[in-house]
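If you want the building blocks of each chain, they are given just below.
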Amino acid sequence: MQEQLGSVWLVADFFTHRYRISGRLDVRYQKLAGQLNDNTTSFLQLEDAYISNVEHPADIIASYASSTLRKQNITTVVVAQQEDGLLREQTYGSYFGTYLRTVFLTVPYFEVKGYLRLSGKLDLRTVLTTGTDAFVPILDGQMRSSVRPDIVFTGGVILVNKDRIGVFCVEEEE
Amino acid sequence: MAKILVVDDEAELLEMIRMVLQRRGDHQVVLSAEGADALAQAFADPPDLAIIDLMMPGMTGYEVCRQLRANPSTVSIPIIILTARAQPVDREAALDAGADAYMTKPVTMTELVERVDTLLAKRAAEKQPMFAGMIVLMSLRGGVGVTTLAVSLAATLAQAGGGAACLVDLCPSSGHVALQLGLRPEPNWSGLIQATDLNTQVVEGHLLQHGSGLRVLASPIFPIVGQRVPQAMMQTVLSILLQRFPAVVVDLPSVLNDITMTALQAASGVGLVVTAEAPSIQTTIGTLRVLKQWSAKLRIILNQVTPGSQPPTEAIERTLNRSLVGAIPFDPAQARALARGAPLALNNPDSPLTQAVQELLVKVS
């Protein structure tokens, strides 16, 4: 008997400018980070999507059995378990030679705090522009509404759309 | 073994939860894939516990939770929210909607079963009756709110004890207990007068069922003329009810006759209801004198039935030469609530009147 209630589906919270969409993503063939960074498609297919306004994030205003998100309009994706939100090479056995830096960044409507895992000298321009990945993972992230500070979302990882970042700050090393 | 309602739109998950709760807890599990159906099942036959998903098409888990809490028959069942929405705002909203516990998927079956067991054990402890025995409420002066108080006490006992309470209306001239609970008084105890073999089954067959779980033995809708109510019959009926229910509340008419004396004899506590008006106080002084053989079980309850200021309770106690066991405040909302057949004690736990009734029960017990 399967002991844990889990499946090939990953439930995550997807944020666009003003909306929170909680939905199920099929991760049988590709993990979430892979699908977000897959530049062969501009869309993400969700099942059982439940939509809330970010100002009232617990109130479900609509639900649909199937929905499509335009990836470039996703600002962040909040995932409860870190391993569900990262690529395999970003998780298992990837800790050697890496270190974490505390970061603070802003996206429309939210400010995000958490840790950025780096493997070399920190160069934010490299983080934000080099490579084909459109989303940067912020580990043990906390996302707070910039206009309603009582609204907070937390996740093992928050994937942030690089194109939607306003300011990106890194704490000094002690 | 408990009856558990599980509501989730994932069929596989429903089946898995059913299998585990049946195997590990020997529970009876009822499944539902959507909110409206779940509510219909819960209201028809209330479960002992409900496990509810938040994200469901049609009606969300929040709404299911709110409606369960709004219905007297399901107001106190433990509710576990089992959801993939893991954010603090979701937990807060679920608890605000009335959930007792919040679990996020993925969850292990061991965790789920443990939480179910904990909540069922807590509820079982809460279901211990606040009062065991028979409380009789009376006043030899009418219009002091005896029936309303009897209904409030019985409803509170039923709610606290998972329905294990019975309210008896002994007024032979069209009592109003059923009316205040929004029930049609058919059948009523007049049907027991002719019964040849009075037993539990026959008496049960004459009880009304209120949505709160309270059982009611109503009085006849029209006054009984030319037919005597046999004392022995009422003695047997009250004795059967006392065996069947942990708590029995009796609303007595404003007379002392064979029937009321039978109830007073059987009662473990007698509440004499008094208002602050002189005629009521005078009648109560007389009643105390007449019933002095049962002095030890007499309790005086001050009931405010009109708005406005009252004389100090100390003055009333001095006049009666007895302490008051409780004072029930006036609440203008009570009249409207009773007109709807929904007494405040059931639907407004924050009302000062409801709280006074609860305190009274603790003192009486």
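Residues numbered from 1 in each chain as written. Chains lettered and ligands numbered in written order. Predicted model: local features only at pLDDT ≥ 70, side-chain atom pairs only at ≥ 80, totals over all residues.

Engineer: Looking at this structure, how should I read the pairing of strand S10 (residues 247–251) of chain B?
Structural biologist: The two faces of the sheet receive side chains in turn, since in a regular strand these alternate between them. All names here are of chain B. Taken across its 5 residues, S10 has 5 buried, putting it largely inside the fold. A two-sided burial pattern is seen for S10, the buried positions comprising Ala247, Val249 and Asp251 on one face and Val248 and Val250 on the other. Summarising the sheet, strand S6 (residues 133–138) and S10 pair through 5 bridges and their orientation is parallel. Bridge pairing in S10 places Met134 opposite Val248. Of the pairings in the sheet, the one linking strand S7 (residues 165–169) to S10 comprises 5 bridges and is parallel in character. Its bridge partner being in S10, Ala165 is matched across the sheet by Ala247. (Buried ≥ 20, exposed ≤ 12 C-beta atoms within 10 Å, placed from the backbone. Helix = DSSP H or I, 4+ residues; strand = E, 2+ residues; numbered from the N terminus. Pairing = 2+ DSSP bridges.)

Engineer: I tried to follow the packing of helix H1 (residues 11–25) of chain B against helix H5 (residues 109–126) of chain B on my own but got confused; where do I start?
Structural biologist: When two helices pack together, you describe them by how their axes are tilted relative to each other and by the distance separating the axes. Residues and elements named next belong to chain B. The contact between H1 and H5 brings their axes to 11 Å, and the two run at 60°. Considering the angle they form, H1 stands oblique to H5. As for the relative orientation of H1 and H5, their crossing is right-handed in sense. Side by side, H1 and H5 meet where Val20, Leu21, Arg24 and Gly25 of the first sit next to Met109, Val113, Val116 and Asp117 of the second. (Axes fitted to C-alpha atoms, helices over the stretch in contact; angles between N-to-C directions. Parallel < 35°, antiparallel > 145°, perpendicular 65-115°, else oblique. Left-handed = near helix turned anticlockwise from the far one by under 90°. Contact = placed C-beta atoms within 7 Å.)

Engineer: What should I look at first to understand the pairing of strand S1 (residues 9–15) of chain A in this one?
Structural biologist: All names here are of chain A. The element S1 is largely enclosed, with a buried count of 6 among its 7 residues. Bridge count for S1 against strand S2 (residues 19–26) is 7 bridges, and the pairing is antiparallel. The residue of S2 that forms the bridge with Phe14 is Ile21. Count of turn residues in the S1/S2 antiparallel hairpin: 3 residues. Here 3 bridges tie S1 to strand S5 (residues 76–79), and the two strands are oriented antiparallel to one another. The residue of S5 that forms the bridge with Phe14 is Val77.

Engineer: In this structure, what is going on with H5 of chain B? I would like to understand it.
Structural biologist: All names here are of chain B. Taking 1.5 Å as the rise per residue, H5 with 18 residues should run 26 Å; its terminal C-alpha atoms sit 26 Å apart, in good agreement. Burial in H5 covers these residues: Leu112, Arg115, Val116 and Leu119. What you see down the axis of H5 is that its buried residues fit within an arc of 100°, all on one side. Among the exposed residues of H5, those pointing more than 90 degrees away from its buried face are Thr110, Glu114, Ala121, Ala124 and Ala125. Residues of H5 that are buried in the fold lie against strand S1 (3–7), H1, strand S3 (49–52), strand S4 (79–83) and strand S5 (101–104). (Expected span 1.5 Å × (residues − 1). Arc of directions from axis to C-beta.)

Engineer: Teacher, can you tell me more about the interface of chain A and chain B here?
Structural biologist: How big an interface is tends to be expressed through the accessible area that disappears when the partners come together. Tallying the contact residues gives 18 residues for chain A and 18 residues for chain B. Among the elements of the structure, S1, strand S3 (43–53) and strand S9 (152–161) of chain A are those that each provide at least two residues to the side of chain A that touches chain B.

Engineer: Help me understand unusual backbone geometry, please; the structure alone is not making it clear to me.
Structural biologist: Most of the time, phi is negative for any residue but glycine, and the peptide bond is trans. Cis geometry marks the peptide bond from Lys105 of chain B to Pro106 of chain B; its omega dihedral reads 0°. Locating Pro106 of chain B in the fold gives a position in the loop between S5 and H5. Of note, the bond from Glu186 of chain B into Pro187 of chain B is cis; its omega dihedral lies within 30 degrees of zero at 0°. Along the chain, Pro187 of chain B falls in the loop between helix H7 (177–180) and helix H8 (190–193). We note that Asp48 of chain A has phi near 45°; this positive angle belongs to a residue other than glycine. Relative to the helices and strands, Asp48 of chain A is located in strand S3. One non-glycine residue with positive phi stands out, namely Tyr109 of chain A, at about 80°. Tracing the backbone through its elements, the reader meets Tyr109 of chain A in the loop between strand S6 (99–107) and strand S7 (110–118). For Tyr109 of chain A, a count of 20 C-beta atoms within 10 Å corresponds to the buried category.

Engineer: How should the confidence of the model for chain B be read in this particular structure?
Structural biologist: In low-pLDDT segments, the atomic positions of the prediction should not be examined closely. All names here are of chain B. Mean pLDDT over chain B stands at 89; residues scoring 70 or higher make up 98%. The weakest mean pLDDT in chain B belongs to helix H15 (residues 344–347) at 82; the strongest belongs to S3 at 97. In the model output, the complex is listed with pTM 0.59 alongside ipTM 0.83. (pLDDT = per-residue confidence, 0-100.)

Engineer: Explain the sheet that holds S1 of chain A here, please?
Structural biologist: Consider a sheet: its strands pair through backbone hydrogen bonds, and that pairing is either parallel or antiparallel. Residues and elements named next belong to chain A. Across the sheet, which stays open at both edges, the 10 strands sit in the order S4-S3-S2-S1-S5-S9-S8-S7-S6-S10 with antiparallel pairing between neighbours. Each having just a single partner strand, strand S4 (62–70) and strand S10 (168–170) make up the two edges of the open sheet. Between one strand and the next, the sheet's axes are offset by a mean angle of 35°, whatever the strand orientation. With 9 bridges connecting them, strand S8 (residues 135–145) and S9 associate as antiparallel partners. Bridge pairing in S9 places Phe135 opposite Asn161.

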